[in-house]
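A closer look at the structure
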Amino acid sequence: MFGQLHILGSGSAHTTPCHGCSCETCKEAIKNPKYRRDCSTYLFKFENFNILIDYGSHLLNKFNLNLLKINYIFISHTHPDHIKGLYSLCWTKQAQIPVYYSNSEISNAFQFLLDKPKNLIFKEYKKFESIKLNDNLEIIPIPLNHNINTHGFLINYKNYLIAYLLDTKGLPKKTMDFLTELNDLDLVLVDANYGPDLMHKSHNNINEALDLINQLSPKKSIITHISHLNLPVKELIKYIQKNTPKPLNRQIFLAYDGLIINFQK
Ligand SMILES: [Zn+2]
Ligand SMILES: [Zn+2]
Ligand SMILES: [Zn+2]
């Protein structure tokens, strides 16, 4: 296997269904468990390397991966829906797990982990400074637009280029320039927290997510970080197809919890 992404949590802080809500998106998820979404958790596998980007809930257990070796964790930002799984994972019986984070803005929830790291080893990253994990794999933190300091990541595995872009509304110019200059993105993961009629200062709605995909023109895209304030899944799939130019629309996938994407170069 060249590489793989296993999405364990494709939802927002609310999760879907949101407790006590009976909107159409929540109703769909109450009826059909496959439409339920947990908090941001993305497992990347590259040969013998397993990397978690964000760990919003302790989802390794749910997917029967409790014995999987985790080599590294990268944290995009310290909102609880991206880190709270670490409260359980810090008790791991595996060797200590390095966790890369930015110290540019730390939530109280994350400070608790820094003070009591147990079996996690926290390491700082800096924007645009490449972290070479081995000869074939490097990760570059790239700034995003969110309501606290947040970094996405450019992952370069043997020249297979993946951009992880959540949580964000659009992209800062520097990040957009950096990604468009590469001109060869294989896979992009994009925040689409809201439905088409909602505008928010810290997340994309589905139209803004599609605009971003259009601008970046990657070979494949995944729409993710979907909240119950987005359209129900069946409608959202139709909406994406209708509002994306061909042939780009054939390569846009809607994330769900459990989705596996295999990489090929
Ligand atoms: Zn989030
Ligand atoms: Zn709802
Ligand atoms: Zn956030």
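What you are looking at is a predicted structure, and each value in this text was computed from that prediction instead of being measured.

**A look at the overall build of the protein**
- Assigned secondary structure in the protein consists of eight helices and 14 strands.
- Computed over its C-alpha atoms, the radius of gyration of the protein comes to 17 Å, within 12% of the 18 Å expected for a compact globule of 265 residues.
- Dimensions along the principal axes, computed over C-alpha positions, put the protein at roughly 45 × 45 × 35 Å.
- Put simply, the protein has 265 residues, and 44% of those count as buried.
- Restricting the contact set of the protein to residue pairs at least 6 apart, pairs at least 24 apart contribute 62%.

**Some details on the sheet that holds strand β10 (residues 160–165)**
- Strand order in the open sheet formed by seven strands is β7-β8-β9-β10-β11-β12-β13, and the pairing between neighbours is mixed. Both outer strands of the open sheet, β7 (131–134) and β13 (252–254), are each paired with one neighbouring strand and no more. The sheet shows a mean angle of 20° between the axes of neighbouring strands, direction not considered.
- Contacts from helix α6 (residues 173–182) reach β8 (137–143) and β10, with the element oriented near 145° to β8.
- Here helix α7 (residues 206–216) sits on the sheet and contacts β11 (187–191), β12 (220–224) and β13; the angle it forms with β11, its principal contact strand, is near 155°.

**Let's talk about the nonpolar core**
- Judged by nonpolar contacts, the single largest core of 59 residues is most densely connected at Tyr 164, Val 190 and Ile 223.
- Broken down by element, the residue count for this core peaks at six residues, all from β10.

**Details of the sheet that holds strand β6 (residues 120–124)**
- Read from one edge to the other, the open sheet built from seven strands follows the order β6-β5-β4-β3-β2-β1-β14, with strand pairing classed as mixed. Looking at which strands have only one partner, the edges of the open sheet turn out to be β6 and β14 (260–263). In this sheet, adjacent strand axes meet at a mean angle of 20° when their direction is disregarded.

**Observations concerning the pairing of strand β9 (residues 151–157)**
- Among the seven residues that make up β9, six are buried, leaving the element largely enclosed by the rest of the structure.
- Of the strand pairs in this sheet, β8 and β9 are connected by seven bridges, and their pairing is antiparallel. When the bridges of β9 are listed, Pro 141 appears paired with Phe 153.
- The loop that links β9 with its antiparallel partner β10 comprises two residues; one of these, Lys 158, has a positive phi angle of about 50°.

**Considering the environment of Pro 172**
- As for its position among the elements, Pro 172 is in the loop between β10 and α6.
- Judged by the 14 C-beta atoms lying within 10 Å of it, Pro 172 falls in the partly exposed class.
- Residues within four places of Pro 172 in sequence aside, it is in contact with Pro 143 and Asn 145.

**Some details on α7**
- Taken together, the buried positions of α7 are Ile 206, Glu 208, Ala 209, Leu 210, Leu 212 and Ile 213.
- Taken together, the buried residues of α7 touch β11, β12, α8 (233–242) and β13.
- Positive phi shows up at Ser 217, right after α7, with a value of about 40°.

**Overview of the environment of Ala 29**
- Its place among the elements puts Ala 29 in helix α1 (residues 24–31).
- Residue classification places Ala 29 among the buried residues on the basis of 23 C-beta atoms within 10 Å.
- Along the primary structure Ala 29 and Ile 206 are separated by 177 residues, whereas in three dimensions their C-alpha atoms are 19 Å apart.

**Observations concerning the pairing of strand β5 (residues 97–101)**
- In terms of strand pairing, strand β4 (residues 72–74) meets β5 through two bridges, oriented parallel. Considered in β5, the bridge of Phe 74 is made with Tyr 100.
- Across five bridges, the pairing between β5 and β6 is parallel. What sits directly across from Tyr 101, in β6, is Glu 124.
- Handedness of the β-α-β unit built from β5, helix α5 (residues 108–115) and β6 comes out right-handed.

So, how was this worked out
Residues numbered from 1 in each chain as written. Chains lettered and ligands numbered in written order. Predicted model: local features only at pLDDT ≥ 70, side-chain atom pairs only at ≥ 80, totals over all residues. Helix = DSSP H or I, 4+ residues; strand = E, 2+ residues; numbered from the N terminus. Rg over C-alpha atoms; globule rule 2.2 N^0.38 Å. Buried ≥ 20, exposed ≤ 12 C-beta atoms within 10 Å, placed from the backbone. Contact = placed C-beta atoms within 7 Å. Pairing = 2+ DSSP bridges. Axes fitted to C-alpha atoms, helices over the stretch in contact; angles between N-to-C directions. Core = buried A, V, L, I, M, F, W, Y, C linked by C-beta atoms within 7 Å. Right-handed = clockwise from strand over helix to strand, strands pointing away.

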